[in-house]
Amino acid sequence: MKIIPAIDIIDGKCVRLSKGDYSTKKIYNEDPVEVAKEFESFGIQFLHLVDLDGAKSKHIVNQKVLENIASSTSLYIDFGGGLKTKEDIETAFNAGAQQITLGSIAVQDPEFCFRMIETYGSENIILGADCDNRKIKTSGWLEESSHDVIDFILQYQEKGIQTAICTDISKDGMLEGPSTGLYIEILYKTSVQLVASGGISGIKDVYKMKDIGCAGTIIGKAIYEGRISLQQLQNFIENA
């Protein structure tokens, strides 16, 4: 299972929110490159980089942060937030993203996303399936859709999507444990490689996500608040 730390960006700084609420913003580091380098020094190979300004503005904003991290580390970066046009997607790939995550636009314009899957290959595009009470939310989690998370994933699975990141928004940033039941259901009813996101509170949760069959786990606040040490994650990677 992939260990995927998250760096969320507002105003070029590394921040975390609780339940996606921008008013709960807490700055953890002024320099995201420094954070990414520290992750890499502990054997971490993957990074989930989210442009929260982009998610809110509905276009890519922090591509320079992506570019700086990509040029300063060898981390395999998936990038999301505000990718609404082919130009935004091109910008992200050109700035150094190996994969991009399509979330809001996957709800709002599925035909566009199907074309992007054909253009860039399903291995390079991740489906962002962020939900609250099973309903997919969009626009930096500020707007709710009528899509059930399982139906949403299955719709894209039929178009070739291989990987989905699912965040249970009610768990995100709360350090109260992940939405294990929902993830088990997704793993049972779909065939995507599932990346669990939200609620990881300690290293035991990481092992739990591995045990149920997740392909990866995104970890954010638990790292920044010291609930999980980078040494623990390095040990997990080495033992795996």
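Heads up: these notes are all about the structure in this document. (Residues numbered from 1 in each chain as written. Predicted model: local features only at pLDDT ≥ 70, side-chain atom pairs only at ≥ 80, totals over all residues. Heavy atoms only, no water.)

Side note on helix α3 (residues 63–72)
Side chains that are three or four residues apart share a direction in an α-helix, a result of its 3.6 residues per turn. Along α3, the residues classified as buried are V65, L66 and I69. For α3, the angular spread of buried residues about the axis comes to 100 degrees, placing them on one side. Relative to its buried face, α3 has exposed residues pointing more than 90 degrees away, namely K64 and S71. Those residues of α3 that are buried are in contact with β1 (2–10), α1 (32–41), β4 (46–51), β5 (76–80) and α4 (86–95). (Buried < 20%, exposed > 50% of the residue type's maximum accessible area, 1.4 Å probe, protein only. Helix = DSSP H or I, 4+ residues; strand = E, 2+ residues; numbered from the N terminus. Arc of directions from axis to C-beta. Contact = heavy atoms within 4.5 Å.)

Examining the pattern of salt bridges
Throughout the structure, instances matching the rule amount to 8 salt bridges. E67 is the partner of K64 in a salt bridge, and the nearest nitrogen-oxygen pair spans 3.1 Å. Taken together, the positions of K64 and E67, both in helix α3 and 3 residues apart, correspond to about one turn of that helix. Across the pair K86 and E90 runs a salt bridge, and its minimum N-O distance is 3.4 Å. Note that K86 and E90 are positioned in helix α4 at a spacing of 4 residues, about one turn of the helix. Overall, E90 belongs to the partly exposed group, its relative accessible area being 28%. (Salt bridge = Lys/Arg side-chain N within 4 Å of Asp/Glu carboxyl O.)

A word on the nonpolar core
Core analysis: the largest hydrophobic core is formed by 68 residues, its most contacted members being I7 and V149. Apart from the residues lying within four places of it in its own chain, the contact partners of I7 are C14, P32, V35, A36, F39, L47, H48, L49, V50, I69 and Y224. (Core = buried A, V, L, I, M, F, W, Y, C linked by side-chain atoms within 4.5 Å.)

Some thoughts on the pairing of strand β2 (residues 13–18)
The buried fraction of β2 is high, at 5 of 6 residues. Of the strand pairs in this sheet, β1 and β2 are connected by 3 bridges, and their pairing is antiparallel. The residue bridging I10 from the neighbouring strand is K13, located in β2. Relative to strand β3 (residues 21–29), β2 runs antiparallel, the two sharing 4 bridges. Bridging across to β3, C14 finds its partner in N29. Linkage of β2 to β3, two consecutive antiparallel strands, is achieved through a turn of 2 residues, within which K19 is found at a positive phi near 55 degrees. (Pairing = 2+ DSSP bridges.)

Interpretation in functional terms is not warranted from these geometric data alone.
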